[in-house]
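# A look at the structure
The primary structure of each chain is shown beneath.
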Amino acid sequence: MSLLQELRAVVGAGSVLTAREACVAFECDGLTAYRRVPDVVVLPGSAAEVQAVMSICHRMHVPVVARGSGTGLSGGSLPVAGGVLLVLARLNQILELHPRRRMARVQPGVTNLSISKAAAPYNLFYAPDPSSQIACSIGGNVAENSGGVHCLKYGITQHNILEIKVVTVDGELLVLGGEVGEAPGYALTALLTGSEGMLGVIVEVTVKLLPRPARVELVLGAFDDIAVCARVVGEIIAAGIIPAGLEMMDGPAICAADAFAQCGYPTNAQALLLCEVDGSSADVADQLERVMAIMRNAGAMYLRVAADAHEQARMWSGRKAAFPAVGRLAPDYYCMDGTIPRRRLPDVLRDIAALSEEFGLPIANVFHAGDGNLHPLIMFDAGKADELQRAEACGGRILELCVAAGGTVTGEHGVGVEKLGPMCKQFAQPELEMFHAVKRAFDPEGLLNPGKAVPTLARCADYGAMRVTGGALPFAHLPRF
Amino acid sequence: MERDATDELAARVRSAAAARTPLETRGSGSKAFYGRAVHGEPLSLQQHGGIIDYDPQELVLTARCGTPLTEIEAALAASGQHLPFEPPHFGPGATLGGTLACALAGPARAAVGPVRDFVLGIRVLTGEGRVLQFGGRVMKNVAGYDVSRLMVGALGTLGVLLDASLKVLPRPQCELTLTFPMSAREALVRMNDWALLPLPISATCWVEETLYARLQGSAAAVAEAQQQLDGAELAAGTFFWAAIREHTHPFFASAGPLWRLHVAAESALLDAPGRTLIEWNGAQRWFAPADAAEDVHRRCARSGGFANRFRRARANDEVFAPLPEPLMRVHRELKRTFDPHGILNPGRLYADL
């Protein structure tokens with residue numbers, strides 16, 4: 001039998017797509033600059049079907065790219081030529097939610113937000129909250145090790161999953177980790193989390209659920225000096241406070257967000273901090289008072305605690321709308337995703353401002369300050385001669401700044417196809433060789449998501465960045481933060 | 001000992017690889033009892049020590065793996081911070097490397113997560129003597145496979161740990177321990193009732209018909225929770241938790257075999273004669289069998305958990321729960337990848353790793 005006949009025999013003819021008009025829907029993820037219409041799309045309906053599909057493709061030496069909801073920002077699920085695109089969206093059931101054991105066992109196509117929704121009646125929640133949480137799948141979250149606004153306190157995906165079931169390249173089912181978060185042998189959940197579909201296909205995830213905090217408060221502090229604002233971030237942490245979220249925006253981002261969302265930000269400020277504290281009622285009162293004292297002592301020009309949940313949502317709305325808001329200021333922008341040690345924030349922000357001058361391109365900064373995870377947005381006009389190249393060069397220099405400051409070229413968006421170039425700046429040849437060796441240990445023929453996540457040594461020359469064309473954001477209906 | 005011995009260690013590993021000489025990595029030897037017996041030339045990390053970088057504001061500490069835990073904990077305490085996973089020392093010289101290789105966490109584990117959650121980056125020597133650096137010193141980093149956390153708990157079978165960067169946290173301002181006399185069955189229910197609520201409970205333990213709960217947080221939060229829970233205050237709470245962590249509590253006094261069980265939090269006690277101490281809201285249990293109890297692995301697996309022989313009775317005892325063959329195959333491939341000649345702590349984890 002041919003590949004298609006065998007695949008149809010396993011998942012049913014209706015779940016194997018080959019017509020161009022059907023396959024075109026899967027040509028890219030959230031990074032729309034990279035597109036390729038897949039040759040074959042397979043939509044399995046169970047973990048057993050995933051095993052069978054993998055075993056067929058393995059036997060026929062056909063590459064497989066796994067895909068969840070396709071909201072990734074680095075081209076991790078970009079189809080490959082001659083390969084099968086394995087779409088896990090039909091595996092969308094919450095298999096078990098056990099409040100007393102504070103865990104949920106779910107299929108990979110379940111959306112991030114629906115887990116917290118299902119847990120809400122028990123006053124529990126799933127902590128990682130990537131901006132695309134309304135649409136992104138938990139399988140994709142594990143593959144990308146997704147973050148979110150609240151990971152400063154609650155950790156990223158890796159800290160909130162207990163067990164994963166993975167189908168290997170030859171169709172074997174592996175159970176990694178365990179409900180208690182401990183397991184005999186090597187820490188393979190850690191290795192598979194964030195491995196971008198290169199080592200196995202995730203077919204089930206057991207996540208940890210946490211009790212909802214008794215009280216949440218949000219304070220907004222604005223400053224007339226960005227360096228002072230950046231220092232306040234460190235001072236809050238140094239005071240022994242771990243906010244649930246600690247987000248920063250610079251002047252251009254504040255103005256753009258306020259114009260877009262009418263959220264009442266002080267538009268004459270050079271920088272602002274949104275600091276959310278949560279916990280028991282007494283703890284929150286104590287922390288709120290101390291955060292406000294730190295901001296006041298640093299000379300905050302504006303300080304406001306949201307009066308209620310409604311005002312909290314309004315204060316957050318500007319931050320969450322910041323990417324599309326900046327998208328209105330210029331025809332195009334590049335979004336970078338570097339992370340730096342927190343103490344380097346003031347000087348790296350200063351250096352980014354200098355690069356903005358040097359390249360003659362405005363840059364807005366809106367980012368997860370508490371984790372040191374920067375998202376500089378470089379504005380440009382692809383219609384003007386050489387602006388695209390200048391923006392790319394500027395982005396490359398920003399990632400170099402992050403690596404030189406002791407940081408990383410990707411804090412939460414992943415490498416995918418987008419950051420294969422910058423990976424070469426961060427890792428030397430011996431480490432890259434070891435990554436390839438780890439890949440071979442799971443997938444000797446290189447059939448799983450080939451060409452992603454780890455650059456070949458030959459490739460180590462280019463640079464790339466998330467490119468947004470014509471101000472049109474991929475998944476524009478999703479808040480981006 | 002403030003010294004970087006990377007070059008000497010790499011040279012030792014390279015010559016051992018060339019001669020196919022097995023090596024037994026050693027810090028202070030405080031956890032030499034843990035795992036299967038290894039026969040190899042000792043490779044001491046004790047000359048490779050010292051804190052490389054620590055900025056309290058950053059919540060990150062980087063140190064060489066031969067650094068004594070006491071030195072790290074003292075540096076953190078001076079800035080009001082700590083290692084949140086409360087690693088047991090099991091000896092005065094316990095090192096950072098041994099702590100990470102064994103991945104043992106103390107009473108706070110249920111509240112804060114496992115040891116590997118606090119590892120941001122590791123520098124490691126492969127079995128061929130190559131020095132590799134994975135991860136970094138920042139909180140969020142998704143570039144490349146997470147090799148640094150793979151090393152945690154691998155008992156030195158995938159690499160010689162050289163340096164590590166850890167996420168550290170502020171020490172809670174205030175601490176209070178409450179006690180409640182009750183049976184194990186009642187305690188398991190109570191612990192998990194509490195775990196559903198946003199309470200500042202950082203540790204629970206049941207031993208000798210008493211449930212212990214430790215509250216940690218701001219003074220106000222601890223006082224608020226104390227009222228809510230209404231137990232008897234234990235004056236020597238800090239000493240109690242130290243004794244649980246270090247196994248100096250009378251429960252651990254007997255020299256007999258000791259099993260460490262990981263099970264779903266509310267599962268019933270193991271159906272076998274012996275004494276039990278419960279931690280981590282029921283997810284970790286220590287079991288001292290009354291007889292030879294050779295089938296603890298199997299009994300524990302039947303109830304959905306797994307067991308490790310924490311203190312083995314004989315040198316050739318199998319220590320860790322057996323793995324299914326497909327999973328074992330992945331382990332063997334990874335071992336070959338990092339240590340192709342099989343010279344790093346061979347057999348410490350499983351016979352063929």
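As the structure is a computational prediction, the values presented were derived from the model and not from experiment.

### Points about the interface of chain A and chain B
- In this assembly, 83 residues from chain A lie in contact with 72 residues from chain B.
- For the pair chain A and chain B, the interface holds 9 salt bridges.
- With a shortest N-O distance of 3.2 Å, Asp55(B) and Arg343(A) are connected by a salt bridge.
- At the level of elements, helix H6 (151-154), strand S9 (173-177), helix H7 (188-192), helix H8 (226-238), helix H10 (281-297), helix H15 (420-426) and helix H16 (429-442) of chain A are the ones that each hand at least two residues to the side of chain A that touches chain B.
- Looking at which element gives the most residues to the side of chain A that touches chain B, the answer is H16(A), with 10 residues.
- Of the residues assigned to the side of chain A that touches chain B, the class counts are 39 nonpolar, 23 polar and 21 charged.

### Topic: the side chain of Glu6(A)
All names here are of chain A.
- For glutamate 6, the position within the fold is in helix H1 (residues 3-11).
- Glutamate 6 gets classed as buried once you look at its relative accessible area, which sits at 12%.
- Within polar-contact distance, the side chain of glutamate 6 engages the side chain of arginine 59 at 2.7 Å.

### Some thoughts on helix H8 (residues 237-246) of chain B
- Taken together, the buried positions of H8(B) are occupied by Gly237(B), Phe240(B), Trp241(B), Ala243(B), Ile244(B) and Glu246(B).
- Turning to H8(B), the residues buried within the fold contact strand S10 (174-181), strand S11 (201-207), strand S12 (210-217), strand S13 (232-234) and strand S15 (274-279) of chain B.

### Points about the domain arrangement of chain B
All names here are of chain B.
- Structurally, chain B comprises domain 1 (6-170 + 332-338) and domain 2 (174-254 + 256-311).
- Between the C-alpha centres of domain 1 and domain 2 there is a distance of 27 Å.
- On the domain 2 side, the residues contacting the 15 residues of domain 1 number 16 residues.
- Three residues stand out in domain 1 for area buried against domain 2, namely Phe33, Phe90 and Pro107, and they jointly supply 40% of the buried area on that side.
- At the boundary of domain 1 and domain 2, one finds 1 salt bridge.
- Notably, a salt bridge pairs arginine 214 with glutamate 86, separated by 2.9 Å at the nearest N-O pair.

### A look at the sheet that holds S11(B)
Residue and element names in this part refer to chain B.
- Taken in spatial order, the 8 strands line up as S13-S10-S12-S11-S15-S16-S14-S17 in an open sheet, and their pairing is antiparallel. Each edge of the sheet is formed by a strand with only one pairing partner; in this case those strands are S13 and strand S17 (306-311). Ignoring strand direction, the axes of neighbouring strands in this sheet form an average angle of 25 degrees.
- The pairing of S10 with S12 spans 8 bridges and is classified as antiparallel. Within S12, the residue paired with threonine 177 across the bridge is arginine 214.

### Thoughts on the packing of aromatic side chains
Residues and elements named next belong to chain B.
- Considering all chains together, one arrives at 19 aromatic pairs over all chains under this definition.
- Geometrically, the ring pair formed by phenylalanine 33 and phenylalanine 90 is edge-to-face, given 5.7 Å between the ring centres and 75 degrees between the ring planes. On the criterion of sequence distance, the pair formed by phenylalanine 33 in the loop between strand S1 (23-26) and strand S2 (41-44) and phenylalanine 90 in the loop between strand S5 (81-82) and helix H3 (96-102) is long-range, its members being 57 residues apart.
- With a relative accessible area of 16%, phenylalanine 90 lands in the buried category.
- Taking 5.8 Å as the distance between ring centres and 80 degrees as the angle between the ring planes, the aromatic pair formed by phenylalanine 252 and tryptophan 286 counts as edge-to-face. A residue pair is termed long-range when its members are at least 10 positions apart, and phenylalanine 252 in the loop between H8 and strand S14 (258-262) and tryptophan 286 in strand S16 (residues 284-289) qualify at 34 residues. No difference in accessibility class separates phenylalanine 252 from tryptophan 286, as the two residues are buried.
- Three or more aromatic residues link up through ring pairs in this structure, and these residues are Phe33, Tyr34, Phe90, Phe251, Phe252, Trp286, Phe310, Phe320 and Tyr350.
- Between the NZ or CZ atom of arginine 109 and the centre of the ring of tryptophan 280, over which it lies, the distance is 5.2 Å.

### Here we look at the packing of helix H13 (residues 345-359) of chain A against helix H14 (residues 387-404) of chain A
All names here are of chain A.
- Axis separation between H13 and H14 bottoms out at 10 Å; the angle between their running directions is 160 degrees. Considering the angle they form, H13 stands roughly antiparallel to H14. The two elements H13 and H14 meet at a crossing, and its hand is right-handed. Listed contacts from H14 to Val348, Asp351, Ile352, Leu355, Glu358 and Phe359 of H13 are Arg390, Ala393, Cys394, Arg397, Ile398 and Leu401.
- In the contact of H13 with H14, the residues fall into 8 nonpolar, no polar and 4 charged.

### Describing helix H6 (residues 184-195) of chain B
Residue and element names in this part refer to chain B.
- Over its 12 residues, H6 runs 16 Å from end to end, which matches the ideal 16 Å to within 8%, given 1.5 Å per residue.
- Of all the residues in H6, the buried ones are Ala184, Ala187, Leu188, Met191, Asn192, Trp194 and Ala195. Within H6, the buried residues cover an arc of 155 degrees as seen down the axis, which keeps them to one side.

### Observations regarding the confidence of the model for chain A
- Of the residues in chain A, 96% have a pLDDT of 70 or more, and the chain-wide mean is 92.
- Ignoring residues within four places in sequence, the model shows residues 463-476 of chain A, a span with pLDDT below 50, making 45 contacts including any to other chains.

### Details of the sheet that holds strand S4 (residues 84-87) of chain A
Residue and element names in this part refer to chain A.
- Here we have 4 strands laid out as an open sheet, ordered S1-S2-S4-S3, and mixed in their pairing. Looking along the sheet, the strands with just one partner apiece sit at the ends: strand S1 (16-17) and strand S3 (64-67).
- As judged from the 3 bridges shared by strand S2 (residues 40-42) and S4, these two strands associate in the parallel manner. Bridge pairing in S4 links valine 40 to valine 84.

### Describing the pattern of salt bridges
- Taken as a whole, this structure holds 46 salt bridges over all chains when the rule is applied.
- Taken together, the shared-partner salt bridges in this structure form one network comprising Glu96(A), Arg105(A), Lys165(A) and Glu204(A).

### Digging into the packing of H8(A) against H13(A)
All names here are of chain A.
- The interhelical angle for the contact between H8 and H13, taken along N-to-C directions, is 145 degrees, at an axis separation of 8 Å. As for how H8 packs across H13, the hand of that crossing is right-handed. Residue-level contacts link Ile226, Ala227, Ala230, Arg231 and Val233 of H8 to Leu345, Pro346 and Leu349 of H13.
- Partitioning the contact of H8 with H13 into residue classes produces 7 nonpolar, no polar and 1 charged.

Rules behind the numbers
Residues numbered from 1 in each chain as written. Chains lettered and ligands numbered in written order. Predicted model: local features only at pLDDT ≥ 70, side-chain atom pairs only at ≥ 80, totals over all residues. Heavy atoms only, no water. Contact = heavy atoms within 4.5 Å. Salt bridge = Lys/Arg side-chain N within 4 Å of Asp/Glu carboxyl O. Helix = DSSP H or I, 4+ residues; strand = E, 2+ residues; numbered from the N terminus. Nonpolar A, V, L, I, M, F, W, Y, C, P; charged D, E, K, R; others polar. Buried < 20%, exposed > 50% of the residue type's maximum accessible area, 1.4 Å probe, protein only. Polar contact = N/O pair within 3.5 Å; in protein donor to acceptor, adjacent residues only side chain to side chain. Domains from an automatic or database assignment. Buried area = accessible area lost by both parts, 1.4 Å probe. Pairing = 2+ DSSP bridges. Axes fitted to C-alpha atoms, helices over the stretch in contact; angles between N-to-C directions. Phe/Tyr/Trp six-rings, centres within 6.5 Å; stacked < 30°, edge-to-face > 60°. Lys NZ or Arg CZ within 6 Å of the ring centre and 35° of its normal. Parallel < 35°, antiparallel > 145°, perpendicular 65-115°, else oblique. Left-handed = near helix turned anticlockwise from the far one by under 90°. Expected span 1.5 Å × (residues − 1). Arc of directions from axis to C-beta. pLDDT = per-residue confidence, 0-100.

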